[in-house]
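# Coordinate analysis (summary)
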Amino acid sequence: MTVAQPALGASKRPSRLRKLWDTLSVVLNSRIGTVGLAIVVFWVVIALLSLFWTPYPPNSSLFVQNLPPNLTNVLGTDHLGRDLASRLMQGTQVILLKTRLPGDTHVAIPGGVALWGVFGSLFLGAILGLNAGYRGGWWDQVIMQVLDALIAFPVIVLYLVIIAALGQGDLVVIFAITITGAPGVARLVRSLALDIKTRDYIRAAETRGESLAYIMYREILPNARGPLLVDAMLRVGYAIFAIGTLGFLGLGLPPPDPDWGNMVNEARRNIFLNQWAVIFPSLAIASLVVGLNLFADGLREEITRYQK
Amino acid sequence: MARFIIRSILSTIITMLLVSFALFFLLEVGSGDVTVKILGIESTPEQRASYRAQLGLDAPPLQRYFDWLIGNDFRAEKLVGYPLVSIKNQQTKEEEWWANVDGQLTRWQMQKGQLLALRRQPDGSRTKHMVSGGWQTAKNGQEFFWGVDTDNRAVKWVRGAGETVWVRTKAGFRKEGDGPRQYIPLRKGLLRGDAGQSLQTGRPVAVTLIPRVRNTLVLAGVAFLFIMPLALFFGIMAGINEGKPLDRVISILGLGATATPEFVSGIFLILIFGIWLRVLPAVALFTSADAIFSNPKLLALPVMTLALVELGYVSRMTRASMVEVMSAPYIRTAIIKGMPYRRVVFKHALRNALMAPITVIMLHVNWLVGGVVVVEAIFGYPGLGKYIYDSAIFGDPNAVEAAAMLTVTIAISTRLVGDLAYTFLNPRIRYS
Amino acid sequence: MATTTSLDTSSITYGHTGPVLKLENVAIAYKVRGGEIEAVQNVSFEINRGESHGLVGESGCGKSTVAWAVVNFLGANGYVKRGSIRFLGRELTGRSGEDLRRLRGDQIAMVYQDPMQALNPSLRLGDQLKEVLTVHRGMADAEAARRSIEMLERVYMPDAADVMRRFPHQISGGQQQRVVIAMALLNNPALLIMDEPTTALDVTVEAAVLDLIADLRREFDTAIMYITHNLGVVARVCSKVGVMYAGEMVERGLVEQIFKRPQHPYTQGLMRCVPKLGADKASSMLYPIRGRVPPPHSRPIGCVFGPRCDYAQERCRMERPALRTMPNGVQVRCHFAEDIDPSQWQPHEDVELPTLREVVASEPILEVQHLKKYYEVSGSTIKDILGLRPKSYVKAVEDATFTVQKGRTLGVVGESGCGKSTLIKTIIGLEDSTDGKAEFMGFDITGNIASRDIKLIQELQMVFQNPDSTMNPSYTVGQQIGRPMVRFKTVPKKQVRDEVIKILQAMRLGETYYDRLPRQLSGGEKQRVGIARALASHPNLVLCDEPVSALDVSVQAAILNLLLDAQSKLGTTMVFIAHDLSVVRFFSDDVAVMYLGQIMEIGPAEAIYAPPYHPYTEALLSAVPIPDPTAAQKHIRLEGSVPSALNPPSGCRFHTRCPQRHFAPEGGAVCATQIPPWQETDNGHKIFCHIPLETLRTFDPVISHKEKD
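It should be emphasised that the depicted structure is a prediction, and the values quoted were computed from it without experimental measurement. (Residues numbered from 1 in each chain as written. Chains lettered and ligands numbered in written order. Predicted model: local features only at pLDDT ≥ 70, side-chain atom pairs only at ≥ 80, totals over all residues. Heavy atoms only, no water.)

### Some remarks on the overall build of chain A
Rules: Comment: elements are numbered from the N terminus, with helices defined as DSSP H or I runs of at least four residues and strands as E runs of at least two. Here the term buried applies to any residue with accessible area under 20% of the maximum for its type, exposed to any over 50%, and partly exposed to those in between, with areas from a 1.4 Å probe on protein chains only. For every accessible area listed, the method is Shrake-Rupley and the probe measures 1.4 Å; residues are considered covered only by the protein chains on display. Within this scheme the basic residues Lys and Arg register as positive and the acidic residues Asp and Glu register as negative, but His and the chain ends are omitted. In plain terms, the charge of a residue is placed at NZ if it is Lys, CZ if Arg, CG if Asp and CD if Glu.
Looking only at helices and strands, one finds twelve helices and two strands in chain A. Counting from the amino terminus, helix and strand elements in chain A follow one another as α-α-α-β-β-α-α-α-α-α-α-α-α-α. Overall, chain A is about 75 × 45 × 35 Å in size when its C-alpha atoms are taken along their principal axes. Put simply, chain A has 308 residues, and 57% of those count as buried. Per element, the accessible surface of chain A, about 12,900 Å² overall, is 66% carbon and sulfur. Between the averaged position of the 25 positive side-chain charges in chain A and that of its 19 negative side-chain charges there is a distance of 5 Å.

### Structural notes on the overall build of chain B
Condition: In this treatment the radius of gyration is a C-alpha quantity, and the globule benchmark scales as 2.2 Å times the residue count to the 0.38 power. Residues count as neighbours in contact if any of their non-hydrogen atoms are within 4.5 Å of one another.
Of regular secondary structure, chain B possesses 16 helices and eleven strands. Here chain B has a C-alpha radius of gyration of 29 Å; the compact-globule value for 432 residues is 22 Å, and the former is much larger. For chain B, the C-alpha atoms occupy an extent of roughly 95 × 60 × 40 Å along the three principal directions. For chain B, the residues scored as buried account for 51% of the 432 residues in total. Across chain B, every contact between residues at least 6 apart in sequence was considered, and the portion connecting residues at least 24 apart equals 61%. Approximately 19,800 Å² of chain B is accessible, and the part contributed by carbon and sulfur atoms is 61%. The positive charge centre, built from 47 side chains, and the negative charge centre, built from 31, are 9 Å apart in chain B.

### Focus on the sheet that holds strand β7 (residues 143-148) of chain B
Residue and element names in this part refer to chain B. Quick note on the threshold: Pairing between strands requires that DSSP locate at least two bridges from one strand to the other. Every angle, taken between N-to-C directions, lies between 0 and 180 degrees, and every axis is a line fitted to C-alpha atoms, over only the stretch in contact when it is a helix.
Spatial ordering of the open sheet is given by β6-β7-β8-β11, a layout of four strands whose pairing is antiparallel. Of all strands in the sheet, those with a lone pairing partner are β6 (136-137) and β11 (182-185), marking the two edges. Taken strand by strand, helix α5 (residues 73-80) contacts β6, β7, β8 (153-158) and β11, and its axis lies near 140 degrees from that of β7.

### Concerning the nonpolar core
The line we're drawing: Each nonpolar core is a collection of buried residues, namely Ala, Val, Leu, Ile, Met, Phe, Trp, Tyr and Cys, held together in the definition by side-chain atoms within 4.5 Å.
In terms of nonpolar packing, the biggest core is built from 180 residues, with C:V179, C:I181, C:L191 and C:M225 touching the most fellow members. Among the nonpolar cores identified, the runner-up in size contains 147 residues, and A:I279, A:F295, B:L384 and B:A404 belong to it.

### Things to note about the interface of chain B and chain A
How we decide: Defined here as a combined quantity, buried area equals the accessible surface (1.4 Å probe) lost by two parts on assembly, summed across both. Each reported salt bridge corresponds to a side-chain nitrogen of Lys or Arg within 4 Å of a carboxyl oxygen of Asp or Glu. Residues adjacent in sequence count toward polar contacts only when both atoms are side-chain atoms; beyond that, a polar contact is any pair of N or O atoms within 3.5 Å, and within protein one must be able to donate a hydrogen and the other to accept it. Basically, the charged four are Asp, Glu, Lys and Arg, the nonpolar ten are Ala, Val, Leu, Ile, Met, Phe, Trp, Tyr, Cys and Pro, and anything else, Gly included, counts as polar.
Counting residues at the interface gives 49 residues for chain B, matched by 41 residues for chain A. Together chain B and chain A conceal approximately 3,900 Å² of surface at their shared face, both sides included; 77% is due to carbon and sulfur atoms. At the junction of chain B with chain A, the criterion picks out one salt bridge. A salt bridge links A:D297 to B:R316; the shortest N-O distance between them is 3.8 Å. At the boundary of chain B with chain A, the tally comes to four residue pairs in polar contact (both at pLDDT 80 or more). Elements represented by at least two residues in the side of chain B that touches chain A include exactly α1 (2-29), α7 (245-259), α8 (262-276), α10 (300-326), α13 (365-379), α14 (384-394) and α15 (397-425) of chain B. At nine residues, the largest contribution of residues to the side of chain B that touches chain A is made by α1(B). Its residues assigned to classes, the side of chain B that touches chain A shows 35 nonpolar, ten polar and four charged.

### Side note on the packing of aromatic side chains
Rule in force here: For Phe, Tyr and Trp, rings pair up if their centres lie within 6.5 Å, where Trp contributes its six-membered ring, and each pair is then called stacked (planes under 30 degrees apart), edge-to-face (over 60) or tilted (otherwise). Charge-over-ring contacts are defined here by two conditions on Lys NZ or Arg CZ: a distance within 6 Å of the ring centre and an angle within 35 degrees of the ring normal.
Summed over all chains, the structure comprises 30 aromatic pairs over all chains. Relative to A:F123, the ring of A:F119 has its centre 6.1 Å away and its plane inclined at 25 degrees; by these criteria the two rings are stacked. One end of the pair, A:F119, and the other, A:F123, are both in helix α4 (residues 113-135), four residues apart, so they sit about a helical turn from each other. Looking at A:F119, the relative accessible area reads 40%, which means it is partly exposed. Classification of A:F123 as partly exposed rests on a relative accessible area of 45%. Taken together through their ring pairs, the aromatic side chains of B:F21, B:F24, B:F25, B:Y65, B:F66 and B:W68 make up a single cluster. The ring centre of B:W98 lies 4.7 Å from the NZ or CZ of B:R107, which sits over that ring.

### Remarks on the interface of chain C and chain B
Often, the extent of an interface is quoted as the loss of accessible area upon association of its parts. With 33 residues of chain C at the interface, the matching set in chain B holds 24 residues. A buried area of about 2,700 Å², summed over both sides, lies between chain C and chain B, and 61% of it is on carbon and sulfur atoms. The tally of links from chain C across to chain B stands at two salt bridges. Where B:R343 meets C:E131, a salt bridge forms, and the shortest distance between an N and an O atom there is 2.8 Å. Counting every contact that joins chain C to chain B gives 14 residue pairs in polar contact (both at pLDDT 80 or more). Broken down by secondary-structure element, the contributors of at least two residues to the side of chain C that touches chain B are β6 (108-111), α3 (115-118), α4 (125-137) and α13 (382-385) of chain C. No other element matches α4(C), which puts six residues into the side of chain C that touches chain B. Among the residues making up the side of chain C that touches chain B, the classes are represented as 17 nonpolar, eleven polar and five charged.

### Points about the domain arrangement of chain B
Using the following cut-off: Domain limits in this description derive from either an automatic procedure or a database domain assignment.
Here chain B is partitioned into domain 1 (72-193) and domain 2 (206-425). Computed from C-alpha atoms alone, the centre-to-centre distance between domain 1 of chain B and domain 2 of chain B is 49 Å.

### Considering the domain arrangement of chain A
Residues and elements named next belong to chain A. For chain A, the assigned domains are domain 1 (31-111 + 254-307) and domain 2 (115-231). Placing a centre on the C-alpha atoms of domain 1 and another on those of domain 2 gives a separation of 30 Å. Facing the 15 residues of domain 1 at the interface are nine residues of domain 2. Our count for the domain 1 to domain 2 interface comes out at one salt bridge. Put simply, R100 and D170 hold a salt bridge, and the shortest N to O gap is 2.9 Å. Between domain 1 and domain 2 we count three residue pairs in polar contact (both at pLDDT 80 or more) in total. When contributions to the side of domain 1 that touches domain 2 are tallied by element, the ones reaching two or more residues are α3 (84-97), β1 (98-100), β2 (108-110) and α12 (276-307). A total of four residues in the side of domain 1 that touches domain 2 trace back to one element, the largest contributor, which is α12. A per-class count over the side of domain 1 that touches domain 2 returns eleven nonpolar, two polar and two charged.

### As for the packing of α3(A) against α4(A)
Residues and elements named next belong to chain A. Formally: Here the angle decides the label: under 35 degrees means roughly parallel, over 145 means roughly antiparallel, 65 to 115 means roughly perpendicular, and every other value means oblique.
Interhelical geometry of α3 versus α4 gives an angle of 15 degrees and a closest axis separation of 4 Å. Here α3 lies roughly parallel to α4, going by the angle between them. Of the residues in α4, those in contact with V94, I95 and L96 of α3 are V113, A114 and L115. Tallied by class, residues from the contact of α3 with α4 come to six nonpolar, no polar and no charged.

### Considering the confidence of the model for chain A
Residues shown with low pLDDT carry predicted positions that ought not to be read at fine detail. Here is the rule we go by: Scored between 0 and 100, pLDDT is the confidence that the predictor attaches to each residue.
Overall, the predicted model of chain A reaches an average pLDDT of 83, with 92% of residues at or above 70. Counting contacts from residues 1-12 of chain A, a segment whose pLDDT is below 50, to residues more than four positions away or on other chains yields 30 contacts.

### Some thoughts on unusual backbone geometry
All names here are of chain C. For the peptide bond that leads from P611 to P612, omega is -5 degrees, which places it in the cis range. Among the structural elements, P612 can be located in the loop between α22 (605-608) and α23 (615-623). One non-glycine residue with positive phi stands out, namely K489, at about 50 degrees. Along the chain, K489 turns up in the loop between α17 (477-488) and α18 (496-506). Of note, the phi angle at R508 is positive, near 60 degrees, even though the residue is not glycine. Looking at where R508 falls in the secondary structure, it is placed in the loop between α18 and α19 (523-535). Overall, R508 belongs to the partly exposed group, its relative accessible area being 41%.

### Digging into helix α8 (residues 200-207) of chain A
For α8(A), a buried count of eight out of eight residues is recorded, marking the element as mostly surrounded by other parts of the structure. Phi for A:G209, located one or two positions after α8(A), is positive at around 70 degrees.

### Notes on the side chain of B:T260
Mapped onto the fold, B:T260 is located in the loop between α7 and α8. At a separation of 2.5 Å, a polar atom in the side chain of B:T260 contacts the main-chain carbonyl oxygen of B:G256. Beyond its immediate sequence surroundings of up to four residues, B:T260 is in contact with A:F241, A:A286, B:S265 and B:V309.

### Things to note about the side chain of C:S148
Residues and elements named next belong to chain C. Relative to the helices and strands, S148 is located in helix α5 (residues 141-154). One polar contact links the side chain of S148 to the main-chain carbonyl oxygen of A144, over a distance of 2.7 Å. Once you skip the residues sitting within four places of it in the chain, S148 turns out to touch L129, K130, L133, M164 and L186.

### Let's talk about α3(A)
Going by this rule: Take the residue count of a helix, subtract one, and multiply by 1.5 Å to get its expected span.
Compared with the 20 Å implied by 1.5 Å per residue over 14 residues, the 20 Å span of α3(A) between its first and last C-alpha is a close match. With respect to burial, α3(A) is a largely interior element, 13 of its 14 residues being buried.

The following block contains the structure:
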């Protein structure tokens, strides 16, 4: 986020690490928040681990097909005889850790598709919401009208339309998440801006003749970060949910990396033979989404309590 | 209140226009060359260009947008000089365009440099006639003729300067001389119920869509009827018992339900009911578009899947709203007035608590519709969602546009209903 | 009131002769994470029939908590830890929820601070009134409606039958409070609890509601527990009063006794914080109580007031005093109540007192002539949307003319919606002016901030009302005070920190505050930072928008002193808005009185508060509750409510409500047709009224003092 501090030389501020810890300890005060955080941390650790080590190469068919969980393959194997655990581990990367650029260069940038998509919707949504909320009038009318049009699309339909138009790929999914998420963020930021702009410190900034940009991005935005943080957590959950759904529909992140949704899709064709290959990736998606939701709930509970 | 209602309606109309604009440009302009998809990658650029012209794709985008939205027959009428009518062909059940030449329905054909008029007889057959007159002269001396051809297009022939065109027939691609110079594929436009032809099937999109929409409305409607009372009940129960075990149980189950994607819950339901318990068909085969009416059991799993996600979401919304209202000062007033608890909840809290969810629920109908896409894809249910999905995979612009417009229309009209319901529920708006 | 009421009085348990409510050694605790907090300790008092018992104290002293405990509404985590609460001889603590429910609304009723919030927005007022009768008495609907209408008429509600059909948002704040009071009285309760019932109301509306409460008390023979922070209100409606401090009752007795001779050092301190109506800064001083109210978890072992008390001794630190009854019947919680003589009191050396400088009339710095500010409003009918009807305007400020001289303070008073805030927003440039002239230091300031030069912007700064929103929660104190210096480049970047610390010290905050975030500050401290920020760029004119109205009286005194001190040191000119007439009188050199967008009277402060008055000023002054039971105040009440600024009355805007209109020429007919003249008395005192000055001069002063016995 574009939260910058006013340029003031020698002021001693609590370090960022300290602030992070403060936020975390706030979450740890809430039981559901702690559970959520634990689930999220679990998957992040799995993702980081998978960068260096997976039990077996995730894309090679080394085993008998459709094995139930056993000592060699802790989660069993899929219909091509690939190790399910390794594929699940590898599958976290595209969601959380890396975005593959188009072309055959195999170049990836850090930050998963879900994270970049949510960042995109936060960025776009915050700008639109601030302008609509703070400026009001025609800005508000026009921005909200356009956003209303975007919101009118059922999310999945918008994904389908975008993918039908632009084809598959990591960047297209990021774009789709950005576009579908931005209206929600904008509405949230707008309502926060409408509230915050009635505060006296905004009057004070106006009576100093501060620029519109200063007031929006330096005075209003930092005070919206609590609710935005909560919203971002929920949105990462939705994004993972959506990536899974797209993968299931065969429209998600392209191979070679395994995609949880697509794993479910492939495995369901053999559902009479092997239910494990359906259950584990399903659980992976659901648990990560639930974890983020719980984390967000805990965060929200504590932030509102803090404000009281 | 008049202001509020007019605003809602106006805003809905503008929204629809914006949506149609966005859809059209994203799909028709933003996506690649559709002729590659139709003709295959082995087709030559020359063939593609000719075919693009025949589809009217060489026209400027904005004009194509308006053709698509409101039709182009009135534009073509001016060129042809006769009123154009569309009538249903009794054999193919498809609409055909004819020019009404002094009471005689007519089309034209160019054969070996000779223009022929096809006149439709009352029994549906047609007779051929030579045409000599009717040619117009352009400023540069060229003679040209605007007429309706046999493929429902208004076309412009230029005498002595036939274009070489590639005609797509059932047998393959054929090269023809004497082709028209300009094509306007006639259509009435989306607003007048003509969504154009599907690239995938070659049939009008509207014909296929109608039973699909009906099936989807059945699915979503049944699910909606299940979800609403249950979700409101659970939400209210959780809300008035905030922090108690009942609330915890409902909230956690609700969260689990919302956080589980439809395809996961759908498959689990298949596993449970179809494979382990064997009470419902695990693989539903929709043999025809009307299968759900002859065997309503087929609806059970799709409805359950759809209901699960929404149930969680709506009950969470209702709970939040109820909790907020229950801590409002006027509820405090009611309690301190000595009102019995039931009266506090039902008379004082409920109405206020339902105001927020109603708009949110109506806003959420597009989630329901989105869920429908996934559910239909899982179960192979022949509805609108499956149609969009199939068309999107194929890249069939007319089909995707029409179907997406329909889903958006459903979503927006429910939202409008929600807005109006809110207006009537909330006296602060009703009496201002 | 000629209407006969047929109120059912059977609910009062006759035969019980003791007090209606008796609290003995009540302690109330809240469970919080990691322990519990005793919000209230050792509170004992009783209220008899027909008695109105006040509970006063600053925010956080526990007075509302006591009320919630009586109705058993302490929330999920609060409970009565010790002591007993007896209602008509019956113990209330430990009773079942159903028993208490039957009492509530029937024999115990409550009226709250914010009537708009207290009424259900989606139910008709009639339904909300009737259910009290139908539920508790099983009364038929028609009968309940009849009784409700009677009760509404009883509280002087105009169009009572019509109000029954309305929703809360369709009536004014004063009317809403009448509905809430009527609702509370429907079952003729034995005990009526009022929690700051007039705090959210304007002073003239407040006066009418207070009159109503006094009337009701006489007629209904109800015991009233009246909670307020306003000593003036206590003096007007209560017979007995208990002063609360940090969860304890420190003094309790008859109102006359307490006001005449407060014996607890805290009560004495409170009285010294409040400016008397008519007192000014030259002739009197406000003495804030030093220190802060201790939070409930760190109260001292000894006397709770000990750390702030000027008389504290060793015993006060070691031993908590008990509530003792003094010879005059007043109960005081102080070891040394007998020894303290308030007349010998000297302010403690820690107390900040301003040093004032005589301001000689000098050149005008701000000149405003015929300034107008209209807001366009869009109607809500179809015609309006289509633009078929002429546009309508809210005339927020109409024809304002005044000058402010360098180094002086202009006070602006008026009720909410009178346009005083719009006036200063226009001056500072948050709004464009619609018409008229405004010059500041010779520069035109009719345009908004965007059209002003940065040097001009720097010279005009503002202090805001609400301490909780005056500071941006995301930045430290130092950053926020430093921002104007950086923005206006008044100080080189490297010296900003030093300069900020200098200002902090001038605000008596000290260097340690530099890195604090707003949430670590108290309300008064935030307000000091707000003042520091306004003064940081050394502006020539500071506009203060109700800077003390959200603060407790002891903090208010300190902030007023601080502003005075800063003004005399820096020679700053000020425009000071407030609704509290005593504060404005105390603080300002000149005063303007506004009504419905129009300045009604303007002149030197002492001239405004003495005859000749504008009839509106006279009504305002007679409405102010003054903390002195011995003062006699003229009884002038305004009829009706303030007309809409969309369509203000013709002629004199005040003519529809003017109580003195019959003195004007032609029996007041001219008031409705002609705009009044500005009549000037002397030394710049001007009155905007048709009534001849000679007549206005004959009016008695609003406040007179009874002979001291």
